[in-house]
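Survey of secondary and tertiary structure
Here's the letter readout for the chains.
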Amino acid sequence: MNRSVLLKEYWFPRLVAPVINMAKIKNYTMNFGPQHPSAHGVLRLVLELDGEVVQRADPHVGLLHRATEKLAEQRMYNQTIGYMDRLDYVSMMCNEHAYVMALEKMLDIEVPIRAQYIRVMFGEITRILNHLMWLGTNALDIGAMAVFLYAFREREDLMDAYEAVSGARMHAAYYRVGGVYRDLPDVMPQFQQTKHTSLRTASRRNKENGREGSLLDFLESFAERFPGYIDEYETLLTDNRIWKQRTVDIGVVSADDAKNLGFTGPMLRGSGVPWDLRRKQPYEVYDELDFGIPIGVNGDCYDRYLVRVQEMRESNRIIKQCVRWLRENPGPVLSDDHKVTPPKRENMHRDMESLIHHFKNFTEGYKIKSGEIYSAVEHPKGEFGVYVVADGTNKPYRLKIRAPGFAHLSAMDEMAKGHMLADVVAIIGTMDIVFGEVDR
């Protein structure tokens, strides 16, 4: 036998690669929430993932459903004002505003001009309160802890303004059909001497915060200080490398897509659409005030952050103008149509007709002739609308609430597809979701 054949045959055998059956890689499904801290405790987001890349996002809502719209059918018109506070429980007075405006249109009631300025001022205070909550919690979700503490420092001052006019820090029930519950107070709660705070320290804090005067003095002092506080937030975040890595080019929505998806508010303006009901469909006294409408360019989470920060600066400008006007123009804050609004307490003691009006107002309420109306305000989160159907009784036949957050959450799949799992947190945050209004 040929030696070369032997060497080839026995010493250098042919190497054959083994056949390995590779496991087929499939997408897997997981629940994001409701126990996840960024899911607000009531959002179940079903994610279909390819590794860490989101292929599909399916939000399951309804875990905070309280039948607000159905409950309103069993209550007199005024009794539903308190339910409005509990919808978006971060923007309480703005919810009330849309509801009372709808009823005023149906009743054809004229609201005193001073009450309109008070409403606008507290609407912008509420906008700042909302954006501070959003800024602190969104930054906390993404990983920036300090901003949360800064934002809540300013929220405390504005909560004191809520408490001064209504007695409640959150659920104010301050707006009424025909105006507001009462005029602005002449005194503010003050810091007191305690075993931890000296009298000198308490006096200094009262002076620095404008608490030694009226509510208007307090708000004027706050409005002077607030732009410096916004600069502090921007120092922490705007040019922060990690913040930009987590928000730039994340959740991009084009202007056309934003309109098609039903976006409103900062979600729409962040995509470059200059739509704001305070300008396009002015209500109350917004057409008499000077303020700008910030818009974004790229439609990503970073642009929506910049829009909301600038909105706080514009709201602060509006508050200053309202404070200036309210100082110079005293007057009534509630309509004198006592078929709808209660008479003054002193009149009830000497006037039988006033006593009867008061009694019937709080036992029977007022009737609204048959008809339907839709009224909307530029809520901090977008267009908050109330659709009321009246049937001639003292209760609404139907009430439908147009919550901006519901439309925004519906776009979760559109915004999250193709992003990493960690970006889902940033996208939920940029929507500024509050489930009281989404689930209703």
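Residues numbered from 1 in each chain as written. Predicted model: local features only at pLDDT ≥ 70, side-chain atom pairs only at ≥ 80, totals over all residues. Heavy atoms only, no water.

**Quick look at the packing of helix α13 (residues 301-328) against helix α18 (residues 421-431)**
The interhelical angle for the contact between α13 and α18, taken along N-to-C directions, is 30°, at an axis separation of 10 Å. Classed by the angle they form, the pair α13 and α18 counts as roughly parallel. Judged by the twist between their axes, the crossing of α13 over α18 is left-handed. Counted together, Cys301, Arg304 and Arg308 of α13 and Ala426, Ile427, Thr430 and Met431 of α18 form the full contact between these two elements. Along the lines of polarity and charge, the residues of the contact of α13 with α18 split into four nonpolar, one polar and two charged. (Axes fitted to C-alpha atoms, helices over the stretch in contact; angles between N-to-C directions. Helix = DSSP H or I, 4+ residues; strand = E, 2+ residues; numbered from the N terminus. Parallel < 35°, antiparallel > 145°, perpendicular 65-115°, else oblique. Left-handed = near helix turned anticlockwise from the far one by under 90°. Contact = heavy atoms within 4.5 Å. Nonpolar A, V, L, I, M, F, W, Y, C, P; charged D, E, K, R; others polar.)

**What about the pairing of strand β2 (residues 44-50)?**
Both faces of the sheet carry side chains from a regular strand, because those side chains alternate between them. Bridge analysis of strand β1 (residues 28-32) against β2 gives five bridges, and the strand direction is antiparallel. When the bridges of β2 are listed, Asn31 appears paired with Val46. Hairpin connection between β2 and strand β3 (residues 53-60): a loop of two residues separates the two successive antiparallel strands, and Gly51 in this loop has a positive phi of roughly 70°. (Pairing = 2+ DSSP bridges.)

**Remarks on the environment of Gly123**
Take Gly123: it is sitting in helix α5 (residues 113-142). Separated by 192 residues in the primary sequence, Gly123 and Ser315 have C-alpha atoms spaced 8.9 Å apart.

**Details of the packing of aromatic side chains**
Tallied over the full model, the rule gives 11 aromatic pairs. A ring pair is formed by Tyr117 and Trp325, whose centres lie 4.0 Å apart and whose planes are at 10°; its orientation type is stacked. Remark: Trp325 occurs in helix α13 and Tyr117 occurs in helix α5; sequence separation between them is 208 residues. The positively charged end of Arg205 is found above the aromatic ring belonging to Phe191, 3.9 Å away from the centroid. Looking at Arg279, its charged tip hangs above the ring of Phe291, at a distance of 4.0 Å from the centre. (Phe/Tyr/Trp six-rings, centres within 6.5 Å; stacked < 30°, edge-to-face > 60°. Lys NZ or Arg CZ within 6 Å of the ring centre and 35° of its normal.)

**Looking at the pattern of salt bridges**
Under the criterion given, the structure shown has 30 salt bridges. The salt bridge involving Arg56 is made with Asp58; its shortest N-O contact spans 3.9 Å. Classification of Asp58 by relative accessible area gives partly exposed; the value is 24%. For Arg278, the salt bridge goes to Glu124, with nearest N and O atoms at 3.2 Å. Placement of Arg278 in helix α12 (residues 277-280) and of Glu124 in helix α5 is noted, with a sequence separation of 154 residues between them. (Salt bridge = Lys/Arg side-chain N within 4 Å of Asp/Glu carboxyl O. Buried < 20%, exposed > 50% of the residue type's maximum accessible area, 1.4 Å probe, protein only.)

**Details of the nonpolar core**
Formed by 114 residues in total, the largest nonpolar core has its most connected members in Met121, Phe122, Tyr174, Leu184 and Leu215. When neighbours within four sequence positions are excluded, Met121 is seen to be in contact with Leu184, Leu216, Leu219, Ile319, Cys322, Val323 and Leu326. (Core = buried A, V, L, I, M, F, W, Y, C linked by side-chain atoms within 4.5 Å.)

**Points about helix α4 (residues 92-107)**
Counted at 1.5 Å a residue, the expected span for α4 with its 16 residues is 22 Å, and the 23 Å between its end C-alpha atoms agrees. Counting buried positions along α4 yields 14 of 16 residues, so the element is predominantly enclosed. (Expected span 1.5 Å × (residues − 1).)

**Notes on the side chain of Arg211**
Tracing the backbone through its elements, the reader meets Arg211 in the loop between α7 (199-208) and α8 (215-237). Other than its neighbours up to four places away in sequence, Arg211 contacts Asp157, Asp160, Met188, Pro189, Gln190, Phe191, Asn206 and Phe218.

**A few points about the packing of α5 against α13**
Axis separation between α5 and α13 bottoms out at 9 Å; the angle between their running directions is 150°. With respect to α13, the element α5 is oriented roughly antiparallel. Note that α5 runs across α13; the crossing there is left-handed. Per-class residue counts for the contact of α5 with α13 are 18 nonpolar, three polar and five charged.

**Notes on the side chain of Arg440**
Checked against the element boundaries, Arg440 lands in the segment after α19 (435-439). Side-chain polar atoms of Arg440 contact the side chain of Glu69, separated by 3.0 Å. Ignoring anything within four residues of it in the chain, the contact list for Arg440 reads His65, Arg66, Ala67, Thr68, Glu69, Leu87, Lys400, Ile401, Ala403 and Phe435. (Polar contact = N/O pair within 3.5 Å; in protein donor to acceptor, adjacent residues only side chain to side chain.)

**Structural notes on the confidence of the model for the protein**
Confidence along the protein averages 87 in pLDDT terms, with 95% of residues attaining 70 or more. The lowest-confidence element of the protein is helix α1 (residues 3-11), averaging 48 in pLDDT; the highest-confidence one is α13, averaging 94. Every residue in residues 5-10 is under pLDDT 50, and counting partners more than four places away or in other chains gives four contacts. (pLDDT = per-residue confidence, 0-100.)

**A look at the sheet that holds β1**
Ordered by their spatial adjacency, three strands build an open sheet running β1-β2-β3, and the pairing between neighbours is antiparallel. The strands lining the two open edges of the sheet, one partner per strand, are β1 and β3. Strand-to-strand twist in this sheet, taken as the mean axis angle between neighbours without regard to direction, amounts to 25°.

**Description of the environment of Phe222**
Its place among the elements puts Phe222 in helix α8. Assessed through its relative accessible area of 2%, Phe222 is described here as buried. In the structure, Phe222 is positioned 68 residues away from Glu154 in sequence and 8.8 Å away in space, judged by C-alpha atoms. Beyond its immediate chain neighbours, meaning those up to four positions away, Phe222 contacts Glu154, Asp157 and Leu158.

**Digging into the pairing of strand β7 (residues 382-390)**
When you tally the buried positions in β7, you get eight out of nine residues, the bulk of the element. Of the strand pairs in this sheet, strand β6 (residues 371-379) and β7 are connected by nine bridges, and their pairing is antiparallel. Of the residues in β7, the one forming a bridge with Ala376 is Gly385. Examined bridge by bridge, β7 and strand β8 (residues 396-402) share six bridges and lie antiparallel to one another. Following the sheet pairing, Val386 is matched in β8 by Ile401. Between the antiparallel neighbours β7 and β8 lie five residues, among them Gly392 with a positive phi of about 90°.

**As for the sheet that holds β6**
Read from one edge of the open sheet, three strands run β6-β7-β8, paired in antiparallel fashion. Strands at the two margins of the open sheet, each flanked by one partner only, are β6 and β8. Neighbouring strand axes in the sheet, compared pairwise and without regard to direction, differ in orientation by 15° on average. This element, α4, spans β6, β7 and β8 of the sheet and lies at about 150° to β6.

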